[in-house]
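Read off the chains here:
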Protein chains: 2
Amino acid sequence: MTINNLEDYFNQETGQQSPANLYEPIQYILTQGGKRIRPRLVMIGTELFGGNTEQAFHAAAAFEMLHNFTLIHDDIMDDAPIRRGKPTVYRKWNSNIAILSGDALSAMALREILKTPCDPETAVRLSQLMAETGVGICEGQQLDLDFESRNEVSISEYIEMIRLKTAVLLTACLKAGAIIAGANEHNLAAVDEFGTNLGLAFQLKDDLLDVYADDTVFGKVNGGDIKVNKKTYLYLKALEDANPEQKKILDHYFSSTDFDFDEKYNAIKKVYEELAIRQKTEQAIEAYVQKGLNALQTMDVDAQRKAELSTLITDMSNRNK
Amino acid sequence: MTINNLEDYFNQETGQQSPANLYEPIQYILTQGGKRIRPRLVMIGTELFGGNTEQAFHAAAAFEMLHNFTLIHDDIMDDAPIRRGKPTVYRKWNSNIAILSGDALSAMALREILKTPCDPETAVRLSQLMAETGVGICEGQQLDLDFESRNEVSISEYIEMIRLKTAVLLTACLKAGAIIAGANEHNLAAVDEFGTNLGLAFQLKDDLLDVYADDTVFGKVNGGDIKVNKKTYLYLKALEDANPEQKKILDHYFSSTDFDFDEKYNAIKKVYEELAIRQKTEQAIEAYVQKGLNALQTMDVDAQRKAELSTLITDMSNRNK
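Bear in mind that the values here come from a model prediction, so they are computed numbers and not experimental data.

**Q** What is the right way to read the relation of the copies chain A and chain B from this model?
**A** Superposition of the two copies of the chain requires a rotation about an axis together with a shift along that axis. Mapping chain A onto chain B calls for a rotation angle of 180° and an axial translation of 0.0 Å; the resulting RMSD is 0.1 Å. Such values leave the two copies arranged in the relation of a two-fold axis.

Have a look at this one:
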């Protein structure tokens with residue numbers, strides 16, 4: 001099995017399973033495609049330390065399951081109608097079914113990672129990693145919900161939130177691969193540092209693309225975060241650097257979601273431009289990329305494997321969608 | 001640590017943790033008391049095979065966490081206002097916080113069981129048990145939700161539902177203790193059989209007490225299941241055995257929750273009495289108890305330990321609250 005077979009594998013694991021109201025939503029979300037970033041990271045972590053990617057297959061599937069479990073529940077909490085161009089689980093079925101199929105998928109993710117063919121010490125480490133990751137993601141999501149109703153959020157609080165909500169899972173994927181490949185403690189610590197910075201850069205890039213993507217490439221309309229008053233890095237940085245006049249504009253437009261969208265989007269974008277928020281965000285991303293690359297340099301692996309990971313992190317920070 | 005310290009332990013693990021909106025609901029539900037049946041079963045399973053109950057402490061805590069995670073989410077799904085005499089998590093906070101703190105508690109349960117001081121093979125078995133249990137509970141809860149909106153539910157479907165929803169977790173607790181104590185495969189299979197029958201008897205007794213408890217002892221008003229048209233063993237057995245006239249009465253009163261409660265309760269109880277439903281349910285319980293006791297007899301453990309478990313299952317089936 002390779003991760004190219006993931007969709008077949010998920011169909012096999014969830015199709016025709018009873019009760020249908022539990023497994024159909026799980027099959028639905030697992031077979032919608034998506035970028036499969038997390039399984040790919042598991043494979044990258046495995047290859048980096050010379051491991052066997054076939055051995056890592058179940059861990060890759062498990063982290064994709066864990067990720068999709070969080071999406072099912074996040075979509076209820078965010079009242080989101082659409083995900084990957086299709087109705088979300090809770091809209092297509094209902095919120096009870098979404099709660100429960102998410103819960104089941106979370107337990108299935110643990111069951112899945114335990115299918116990894118490995119010695120029991122490794123299996124225990126993988127279970128521990130999955131437990132810690134699950135706790136971290138929930139902490140991050142709770143901070144995100146808390147921030148919605150708070151007026152003041154510092155940049156450092158925001159970074160801690162996205163570290164937990166996004167970077168912890170991306171890091172865990174790389175680390176699962178590294179554990180399966182038998183990486184030593186020194187290397188695992190470097191993977192942690194690399195993954196954390198990759199994750200932070202990834203999320204800031206997401207924040208940036210919401211405003212500055214070429215919308216013919218990005219595949220969704222720009223300004224979605226601005227529309228719903230989402231406190232992104234761009235917004236928080238603008239608030240931090242704003243003069244009283246600019247702060248008034250930011251506060252005004254972020255006080256409600258009822259404004260004419262074009263008026264609001266253009267007003268906020270104008271403040272961002274005055275404050276060079278695009279450049280400042282790009283600099284912050286670059287700084288995380290650099291920290292990630294530094295961590296990579298400290299790993300005891302051969303240069304060619306490092307080069308692949310280096311390409312990954314730079315591609316990711318240069319992506320335009 | 002013993003399970004008498006559970007409340008202190010839960011306070012220590014969840015108090016002052018950040019974010020407060022995630023951990024306060026978890027602390028709230030974990031320190032409400034409750035009967036602590038699941039931790040006790042872990043200890044009973046450990047003692048049965050001569051294990052060290054201190055070693056089983058984290059497994060006991062873990063299964064209490066897993067149980068409470070399911071309660072937090074079930075209360076959202078059932079729109080339940082009160083649990084153990086206090087507002088449910090989702091009523092005291094809100095449903096987003098309840099979804100998320102449940103998710104976190106589920107990951108914490110896995111993290112907790114992995115704290116068990118044991119060899120890695122044992123830790124892997126405990127993780128697998130927790131994963132299988134988590135999947136089973138969700139399947140059971142989904143069947144329960146499905147049955148609410150179905151007209152026809154057979155007794156065997158009902159038994160499969162309560163096996164998954166209730167018996168799987170009770171069995172897992174006994175089994176976790178047995179695994180920690182190093183029970184062999186033969187004995188673990190007998191524990192499975194014992195636990196399943198204990199769980200089924202336990203749930204049927206619950207169904208019975210809803211109608212026939214001495215309400216000064218049971219601590220809640222009788223007839224709650226009848227009021228909300230819950231398809232219990234009693235109701236399904238009555239439907240199975242009813243003549244057309246009796247079936248009409250059952251269908252009539254179970255078609256709505258708007259009836260005068262006393263009128264409905266008395267009408268249903270009258271049909272139950274005509275059909276000897278109380279006695280038939282008691283016989284079904286007795287049959288499960290007997291199957292459980294038979295499984296117990298096949299275990300290779302000394303007679304005194306068997307006697308304790310035998311007392312447990314008979315006490316449980318004779319309880320009046």
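**Q** I keep staring at the side chain of aspartate 75 of chain A and nothing clicks. Help me out?
**A** All names here are of chain A. Looking at the element boundaries, aspartate 75 is found in helix α4 (residues 57–77). You can call aspartate 75 buried: its relative accessible area is 4%. Dropping the residues within four chain positions of it, aspartate 75 is found in contact with Ala80, Arg83, Thr88 and Tyr90.

**Q** Would you mind showing me how to read the environment of alanine 190 of chain B here?
**A** Residue and element names in this part refer to chain B. By secondary structure assignment, the location of alanine 190 is in helix α9 (residues 185–212). On the basis of relative accessibility, which here comes to 6%, the residue alanine 190 falls in the buried class. When the C-alpha atoms of alanine 190 and aspartate 300 are compared, they prove to be 9.6 Å apart, with 110 residues separating the residues in sequence. In this structure, alanine 190 is in contact with Ala295, Thr298 and Met299, ignoring residues within four places of it in sequence.

**Q** What is the right way to look at the interface of chain A and chain B in this model?
**A** Many authors give the size of an interface as the accessible area that is lost as the parts come together. Contacts between the two partners involve 38 residues from chain A, matched on the other side by 38 residues from chain B. Between chain A and chain B, the buried area comes to about 3400 Å², and carbon and sulfur atoms account for 72% of it. Residues arginine 111 of chain B and glutamate 132 of chain A are paired through a salt bridge, measuring 3.7 Å at the closest nitrogen-oxygen approach. Counting every contact that joins chain A to chain B gives eight residue pairs in polar contact (both at pLDDT 80 or more). Those elements giving two or more residues to the side of chain A that touches chain B turn out to be α2 (20–30), α4, α6 (95–113) and α7 (120–148) of chain A. Looking at the side of chain A that touches chain B, the element that brings in the most residues is α7 of chain A, giving 17 residues. Classifying every residue of the side of chain A that touches chain B by side-chain character gives 22 nonpolar, ten polar and six charged.

Each value, and the rule that gives it
- Residues numbered from 1 in each chain as written.
- Chains lettered and ligands numbered in written order.
- Predicted model: local features only at pLDDT ≥ 70, side-chain atom pairs only at ≥ 80, totals over all residues.
- Heavy atoms only, no water.
- Least-squares fit on C-alpha atoms with pLDDT ≥ 70 in both.
- Helix = DSSP H or I, 4+ residues; strand = E, 2+ residues; numbered from the N terminus.
- Buried < 20%, exposed > 50% of the residue type's maximum accessible area, 1.4 Å probe, protein only.
- Contact = heavy atoms within 4.5 Å.
- Buried area = accessible area lost by both parts, 1.4 Å probe.
- Salt bridge = Lys/Arg side-chain N within 4 Å of Asp/Glu carboxyl O.
- Polar contact = N/O pair within 3.5 Å; in protein donor to acceptor, adjacent residues only side chain to side chain.
- Nonpolar A, V, L, I, M, F, W, Y, C, P; charged D, E, K, R; others polar.

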